[in-house]
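# Remarks on the overall topology
Residue-level listing of the chains:
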Amino acid sequence: MIQVKNYIGGEFVTLSEDFDDISPLDFSVIAKVPRTRNVDDAVDAAKKAQPMWGALSIEQRCDWLDKIANELENQIEEIARLESMDTGKPHHVALNVDASRSVNNFRFFADFGRNMESQTFEMSDATNYVVRKPIGIVGLISPWNLPLYLLSWKIAPALLMGNSIVAKPSEITPLTAHFLANICSQVGLPAGVLNIVHGYGPEVGQAIVEHPEIKAISFTGGTSTGKIVAATAAPMFKKLSLELGGKNASIVLEDADLDVAVPGVLRASFLNSGQICLCGSRVLLHSSIYDEFMERYLQELKSFEIGPVISDEHRSKVVSYIDLAKQEGGNILAGGNIPDKVGAWIEPTVISGLSHTSRTATEEIFGPVVTVHPFDSDEEAIEMANSTQYGLAGSVWSKRKGREVAEKIDSGMVWVNTWLHRDLRVPFGGVKDSGVGREGGMWSLGFFSEAVNICVMED
Ligand code: TXE
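In this text, all values refer to a predicted model and were calculated from it rather than measured experimentally. (Residues numbered from 1 in each chain as written. Predicted model: local features only at pLDDT ≥ 70, side-chain atom pairs only at ≥ 80, totals over all residues. Heavy atoms only, no water.)

### A closer look at the nonpolar core
Counting 103 residues, the largest nonpolar core has Ile-68, Leu-180, Val-252, Leu-278, Phe-293, Tyr-297 and Trp-419 as the members making the most contacts within it. Ranked by residue count, the leading element in this core is helix α4 (residues 91–114), at 11 residues. Those residues in contact with Phe-293, other than ones at most four positions away along the chain, are Val-252, Leu-258, Ala-261, Val-262, Val-265, Val-283 and Leu-285. Counting 21 residues, the second largest nonpolar core, distinct from the first, contains Ala-45, Ile-208, Val-209 and Leu-244. (Core = buried A, V, L, I, M, F, W, Y, C linked by side-chain atoms within 4.5 Å. Buried < 20%, exposed > 50% of the residue type's maximum accessible area, 1.4 Å probe, protein only. Helix = DSSP H or I, 4+ residues; strand = E, 2+ residues; numbered from the N terminus. Contact = heavy atoms within 4.5 Å.)

Structure (structure tokens):
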């Protein structure tokens, strides 16, 4: 049994009250987690540490990011083991997606920071120098689908820009955040620079968002929770980054190479059991290739390995949408059942025959469930893709028209003839109900710093 502890001021702290971390694989209790309700200790530790940390040079902070990356890499198998245990995802996904990206997040921002150029703007008689200062103490709140991947995506740039941190992982998947705290302790990260607290969102998460000395909030999670976070933070004039839900379309045009599109759309549909905000939960197919695509897609689905979803509770939510699809007149082409084995398993499910404006096809399900829809023209596909309140990502599969169609999709990111191919320098984020702001490269550095302009009149 793992005892998860808060990491505050460089110390590991338990509380009298804790709760269970349940494995989605077999519903066993795998850890005890402190039920933190108050973050004053963590904020005090962050406040003490920030002046020293902010006074370091960017190169010194880059060296610290590399130290963390190197130790994470040394223990990458343990990260994968813990992540797989906590989320149920197959080991190869935990290793090749979660663990390797967590290492890369620290390494990328170390390299990016070393190559960051200072900005100046010349006038005829003066020079403007843009200086990026730390915000101070920042609050980072992350979800359960890619636990260390998404938490490290925030921690690395926040540290790089000289801030100290109060971070809270999802209460459902605390293990790798706890592991990261141990790594930071092992490499000697100065006490109080990074503080990780555990507990329920409406309790300790809310406490982070409400705390007057935490000046920026970077949140990834559900759209409904994002609204609560925004409502709390906005009147306090906190900087806010919201990475929320999605209902992304995979669009296969009539000129697509199906040898590329079928496996690519399948992976976009079901990677991580569909529990990635970037997953393509709607498959839009030109009518001329519909039959051939669907025959190949359903055939390859039979050998596509997925894990359970994150919890019994979340499975109930996903199953409720399969029931809704039936009520809305959908045809279950594959899956639709709960396998007869212990754990939060659902068969990967493919549903046809629904309007693209049905609730099943417009509301985020966040599980291994996709709807498929034929279209007859590029214009119709674009209208269908843009017909939800979300606008996070999407993909277009076409030999000649991918970029032209992609630019008409109302979302933050569109892949053409690929999916989840990531350059960490590019802007990452959504529009509409998928969030506010961007992460990645300069966008992360911009969020986690205050840009100051110094205008010098030459004598
Ligand atoms: O998100 P939650 P979860 C979506 C997807 C999924 C839904 C719920 O729709 O079904 O979010 O997933 C903390 N104040 N995505 O449960 O509940 C909470 O403890 C402050 C998309 O992960 O929003 C957790 O640490 N914090 C997403 C974090 O917020 C609060 C990836 C996210 O929890 C809080 C994952 C509060 N009042 C889920 N209430 C993406 N865009 O990648 C909760 N939290």
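### As for the site of the ligand
Near the ligand you find 27 residues, and of these Ser-142, Glu-171, Gly-222, Leu-244 and Glu-364 are the closest. Between Lys-168 and the ligand, the recorded distance is 2.9 Å, taken from a side-chain N or O atom to an oxygen atom. In this structure, Gly-201 approaches the ligand through a main-chain N or O atom, which is 3.4 Å from an oxygen atom. In isolation the ligand exposes 800 Å². Once the protein is present, 89% of that is buried. Only α7 (201–210), β11 (216–220), α8 (223–233) and α11 (312–327) provide two or more residues apiece to the shell around the ligand. Ranked by residue count, the leading element in the shell around the ligand is α7, at four residues. Each of domain 1 (2–244 + 434–457) and domain 2 (249–423) gives at least three residues to the shell around the ligand. (Near = heavy atom within 4 Å. Polar contact = N/O pair within 3.5 Å; in protein donor to acceptor, adjacent residues only side chain to side chain. Areas by Shrake-Rupley, 256 points an atom, 1.4 Å probe, with all protein chains shown as cover. Domains from an automatic or database assignment.)

### Looking at the domain arrangement of the chain
Interfaces are often sized by the amount of accessible area the parts lose when they come together. Segmentation of the chain into domains returns domain 1 (2–244 + 434–457) and domain 2 (249–423). A straight line from the C-alpha centre of domain 1 to that of domain 2 covers 31 Å. Between domain 1 and domain 2, the residue contacts involve 23 residues of the former and 25 residues of the latter. In terms of surface lost to domain 2, no three residues of domain 1 exceed Phe-27, Trp-144 and Ser-434, which account for 29% of the buried area on that side. Applying the counting criterion to the domain 1 and domain 2 interface returns zero salt bridges. At the boundary of domain 1 with domain 2, the tally comes to seven residue pairs in polar contact (both at pLDDT 80 or more). Considering each element in turn, the side of domain 1 that touches domain 2 owes the most residues, three residues, to α4. Of the residues assigned to the side of domain 1 that touches domain 2, the class counts are 10 nonpolar, seven polar and six charged. (Buried area = accessible area lost by both parts, 1.4 Å probe. Salt bridge = Lys/Arg side-chain N within 4 Å of Asp/Glu carboxyl O. Nonpolar A, V, L, I, M, F, W, Y, C, P; charged D, E, K, R; others polar.)

### Describing the sheet that holds strand β5 (residues 29–34)
Spatially, β1-β5-β4 is the arrangement adopted by the three strands of the open sheet, whose pairing is mixed. A strand with exactly one partner marks an edge of an open sheet, and here the two such strands are β1 (2–3) and β4 (18–22). Where β1 meets β5, two bridges bridge the pair, whose relative direction is parallel. Bridging across to β5, Gln-3 finds its partner in Lys-32. (Pairing = 2+ DSSP bridges.)

### Quick look at the packing of helix α3 (residues 76–87) against α4
As a packed pair, α3 and α4 sit with axes 8 Å apart at the nearest point and diverge in direction by 125 degrees. Taken together, the axis directions place α3 and α4 in an arrangement best described as oblique. Crossing of α3 over α4 shows right-handed handedness. On the side of α3, the interface is formed by Ile-76, Glu-77, Ile-79, Ala-80, Glu-83 and Ser-84, while α4 contributes His-91, Ala-94, Leu-95, Asp-98, Ala-99, Ser-100 and Val-103. (Axes fitted to C-alpha atoms, helices over the stretch in contact; angles between N-to-C directions. Parallel < 35°, antiparallel > 145°, perpendicular 65-115°, else oblique. Left-handed = near helix turned anticlockwise from the far one by under 90°.)

### Concerning the packing of α7 against α8
As a packed pair, α7 and α8 sit with axes 9 Å apart at the nearest point and diverge in direction by 35 degrees. Crossing of α7 over α8 shows right-handed handedness. Contact residues: α7 offers Gln-206, Val-209 and Glu-210, while α8 offers Ile-228, Val-229, Thr-232 and Ala-233. A per-class count over the contact of α7 with α8 returns four nonpolar, two polar and one charged.

### Considerations on a negative patch on the surface
Side chains of Glu-122, Asp-125, Glu-458 and Asp-459 sit close together on the surface and give a patch of like negative charge. Following the sequence through the fold, Glu-458 ends up in the segment after β23 (449–457). (Patch = residues over 30% accessible without salt bridge, like charges linked within 9 Å, V, L, I, M, F, W, Y side chains within 5 Å. Lys, Arg positive; Asp, Glu negative; His and termini not counted. Charge placed at Lys NZ, Arg CZ, Asp CG, Glu CD.)

### Regarding unusual backbone geometry
With phi around 60 degrees, Asn-417 is a residue other than glycine that occupies positive phi space. For Asn-417, a relative accessible area of 34% corresponds to the partly exposed category.

### Comments concerning the packing of aromatic side chains
On inspection of all chains with the given rule, the structure shows nine aromatic pairs. Judged by centre distance (5.3 Å) and plane angle (70 degrees), the ring pair of Trp-144 and Phe-366 falls under edge-to-face. Taken together, the residues span a long stretch of sequence, with Trp-144 in the loop between β8 (137–141) and α5 (147–160) and Phe-366 in the loop between β16 (349–352) and β17 (369–375) at a distance of 222 residues. Since its relative accessible area comes to 15%, Phe-366 is described here as buried. With 5.4 Å between their ring centres and 25 degrees between their planes, Phe-293 and Tyr-297 make a pair best called stacked. One end of the pair is Phe-293 and the other is Tyr-297, both in helix α10 (residues 290–301) and four residues apart, which spans about a single turn. Classification of Phe-293 by relative accessible area gives buried; the value is 0%. (Phe/Tyr/Trp six-rings, centres within 6.5 Å; stacked < 30°, edge-to-face > 60°.)

### A few points about a nonpolar patch on the surface
Where nonpolar side chains cluster on the molecular surface, the patch consists of Met-1, Ile-22, Phe-27, Val-29 and Val-342 and spans about 450 Å² of accessible area. Note that Val-342 resides in the loop between β15 (331–334) and β16. On the accessibility criterion, Val-342 (53% relative accessible area) is exposed.

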